[in-house]
Amino acid sequence: DPGILKPSAMVGYRYRLVDRLAGKFTFTFSKVAADDANAKNEARRSRNLNFKSNLMEFGIGGEYYFLREKDLPRFGGEGSFWKRWSGYISVEIALLHFNPMGNYRGQWYELQPLCTEGQGTGVEFLARDGGNEYVVATSDPYKLTAISIPVGIGFKCQITREVALGVELLQHFTTTDYIDDCSSYYFNYDEHGIAPPSEMTMVFADRRNGSSSAGTGGKRGNSGYNDTYFTALFTLHYRFLN
C-alpha cells in the first residue's frame, strides 16, 4: 500500500575482508504503520485495527560481491560507466527494538502494556479457526526487543575513487509476531471475570465496527507467521583510502 510507506535511514561501517567479501556494522531507523480502514478485504476493514511503530536495528553482517567492486586508478583511465558498477548480496543479524502504538479518537496509546490478547492472564481457552477448534493458552506479555535478519541485494556505482552511489533492497525477517500488536485470538476479559490492565485495553482489544464484543478464541491475527518488513535505501558510500 503506497499510502503507508514510511521513511527509513541507515548509517554503517564496512570493511573489505577479501576481494569479494566485506563485513559491516549498521544502525537502521525505520517507521512502519498500517490501518485496516485502507484494506480491500471487507473482513479486514471490519476488524478496524491500526498501528504505527518506530523500529531500531543494530546489526552485524556481511556482503558478498557477485559483481566485484573495482578500485579506480588514482590518475585517469577510470574506464567506462558500466565498469564502475558493483553488486552484492547482504546478510545481517540484528537486535530489533519496536513499540507498537494505536490511535483512538486522535490520540496514540502504547499497545504492549494493554495486553490486548490476554497476555499474562494464564487462561486456557477454546480457539476457533474456520471449522477447527483447539485449546490454546495465553502467552506472557511480549518483549519489545527481538532478532531481525535483514537479507537483500544492493548495487552501487563508483563516482570517484572515494565516493559511490547506490541502492539497497532488504527484507527483514524477525522472531516476533507483535510489531503490529496483533498475532492470534480475541480475548474477552469480562468473559473470564478478569480485570484488564487498563481501561483502554478493551478499546484496543476489539475495534470491530458496530459489533458486540468478540468472545474469546475468535481469530484476530495469524500467529503462524512472524512479522517481516521491507526497506529500500538510496546509499552514499565513502571509502577511506591509504
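The paragraphs below set out a description of the structure included in this document. Positions within a chain are numbered from 1, following the residues in the order the chain's sequence is written. Totals for whole chains, interfaces and linings use every residue, but because this is a predicted model, local features are given only for residues with pLDDT of at least 70 and side-chain atom pairs only at 80 or more, for both listing and counting. The basis for the side-chain values is all heavy atoms of the structure; hydrogens and waters are excluded.

1. Remarks on empty space enclosed by the protein
Here is step 1: As defined here, a cavity is a set of points on a 1 Å grid over the protein atoms alone where a 1.4 Å probe fits but cannot get out. A pocket is an open set with protein on both sides within 12 Å along at least five of seven lines, and residues line them when an atom is within 4 Å of a point. Grid points are joined across faces, edges and corners, and a volume is the space filled by probe spheres set on the points. For the coordinates displayed, the defined rule picks out one cavity of 30 Å³ or more.
Here is step 2: Each pocket or cavity is described by its volume, and for the largest cavity that value is around 70 Å³.
Here is step 3: Around the largest cavity, the lining comprises 13 residues; the ones closest to its centre are T26, T28, E57, E92 and L170.
Here is step 4: The secondary structure listing takes helices from DSSP runs of H or I that are at least 4 residues long and strands from runs of E that are at least 2 residues long, numbered from the N terminus. Elements represented by at least two residues in the lining of the largest cavity include exactly β2 (21-35), β3 (50-67), β4 (85-97), β10 (163-174) and β11 (228-238).

2. Focus: the packing of aromatic side chains
Here is step 1: Side-chain rings of Phe, Tyr and Trp (the six-membered ring for Trp) are treated as a pair once their centres are within 6.5 Å; stacked means planes under 30 degrees apart, edge-to-face means over 60, and tilted covers the remaining angles. Within this structure, the stated rule accounts for twelve aromatic pairs.
Here is step 2: Relative to F155, the ring of F66 lies with its centre 5.9 Å away and its plane at 85°, an arrangement referred to as edge-to-face. Here the residue F66 occupies a position in strand β3, and F155 occupies one in strand β9 (residues 145-158), the gap between them amounting to 89 residues.
Here is step 3: Aromatic rings pair up to connect F125, Y134, Y185, F187 and Y189 into one cluster.
Here is step 4: By definition here, charges over rings are those cases where NZ of Lys or CZ of Arg is within 6 Å of the ring centre and within 35 degrees of the ring normal. It is K52 that lies over the ring of W108; its NZ or CZ is 4.3 Å from the centre.
Here is step 5: The residue whose ring lies beneath R208 is Y186, and the NZ or CZ to ring-centre distance is 5.7 Å.

3. Describing the pairing of strand β5 (residues 101-104)
Two faces, one strand: in a regular strand the side chains alternate between the faces of the sheet.
Here is step 1: Pairing between strands is defined by DSSP: at least two bridges between them are needed. As defined by bridge partners, β5 adjoins strand β6 (residues 107-110) across four bridges and the pair is classed as antiparallel. Among the inter-strand pairings, M101 is bridged to a residue of β6, identified as E110.
Here is step 2: The turn joining β5 and β6, which pair antiparallel and follow one another in sequence, is formed by two residues; a positive phi near 55° is taken by R105.

4. Here we look at the pairing of strand β8 (residues 132-137)
Here is step 1: As judged from the six bridges shared by strand β7 (residues 124-129) and β8, these two strands associate in the antiparallel manner. Residue pairing for β8: A127 is matched across the bridge by Y134.
Here is step 2: Hairpin connection between β7 and β8: a loop of two residues separates the two successive antiparallel strands, and G130 in this loop has a positive phi of roughly 65°.

5. Structural notes on unusual backbone geometry
Here is step 1: In the Ramachandran plot, N48 falls in the positive-phi region, its phi being about 65° despite a non-glycine side chain.
Here is step 2: Considering the arrangement of structural elements, one finds N48 in the loop between α1 (42-47) and β3.
Here is step 3: One non-glycine residue with positive phi stands out, namely D181, at about 65°.
Here is step 4: By the secondary structure assignment, D181 is in the loop between β10 and α2 (201-205).
Here is step 5: When its relative accessible area of 2% is taken as the criterion, D181 is described as buried. Type-normalised accessible area, obtained with a 1.4 Å probe on protein chains alone, sets the label of each residue: buried when under 20%, exposed when over 50%, and partly exposed for intermediate values.

6. Some words on the nonpolar core
Here is step 1: For this analysis, a nonpolar core means a set of buried residues of the types Ala, Val, Leu, Ile, Met, Phe, Trp, Tyr and Cys, connected via side-chain atoms within 4.5 Å. With 14 residues, the main nonpolar core has L55, L96, F98 and I179 as its most contacted residues.
Here is step 2: Contacts of L96, omitting those with residues within four sequence positions, involve L55, M56, E57, L144, T145, A146, S148, T174, I179 and Y229.
Here is step 3: F125, A127, Y185 and F187 belong to the second-largest nonpolar core, a separate cluster that totals seven residues. Residue contacts are defined here by distance: any two heavy atoms, one from each residue, within 4.5 Å place the two residues in contact.

7. Some words on the environment of N209
Here is step 1: Here N209 lies in the loop between α2 and β11.
Here is step 2: Of the residues examined, N209 reaches a relative accessible area of 45% and is grouped as partly exposed.
Here is step 3: Expressed as a C-alpha distance, the spacing of N209 and G166, which sit 43 residues apart in the sequence, is 45 Å.
Here is step 4: Each residue touching N209, except ones within four places of it in the same chain, is listed here: R45, S46 and N48.

8. Focus: the state of the cysteines
Here is step 1: Defined by distance alone, a disulfide is two cysteine sulfur atoms within 2.5 Å. The tally for this structure, following the rule as stated, stands at zero disulfides.
Here is step 2: With no disulfide of its own, C115 has C182 as its nearest cysteine by sulfur position, at a separation of 15 Å.
Here is step 3: With a relative accessible area of 9%, C115 lands in the buried category.
Here is step 4: Of the residues examined, C182 reaches a relative accessible area of 8% and is grouped as buried.

9. Quick word on the pattern of salt bridges
Here is step 1: Any Lys or Arg side-chain nitrogen located within 4 Å of an Asp or Glu carboxyl oxygen qualifies as a salt bridge. Counted by the stated rule, this structure contains twelve salt bridges.
Here is step 2: Between E117 and R220 there is a salt bridge whose closest N-O contact spans 2.8 Å. Pair noted here: E117 is in the loop between β6 and β7 and R220 is in the loop between α2 and β11, with a separation of 103 residues, a long-range link.
Here is step 3: Judged by its relative accessible area of 5%, E117 falls in the buried class.
Here is step 4: In this structure, the salt-bridge partner of D206 is R208, at a minimum N-O distance of 3.0 Å.
Here is step 5: A relative accessible area of 18% places D206 in the buried class.
Here is step 6: Connected through salt bridges with shared partners, the residues R14, R16, K24, E63, E69, E92, K156 and E168 form a single ionic network.

Bear in mind that shape data such as this cannot, by itself, settle questions of function.
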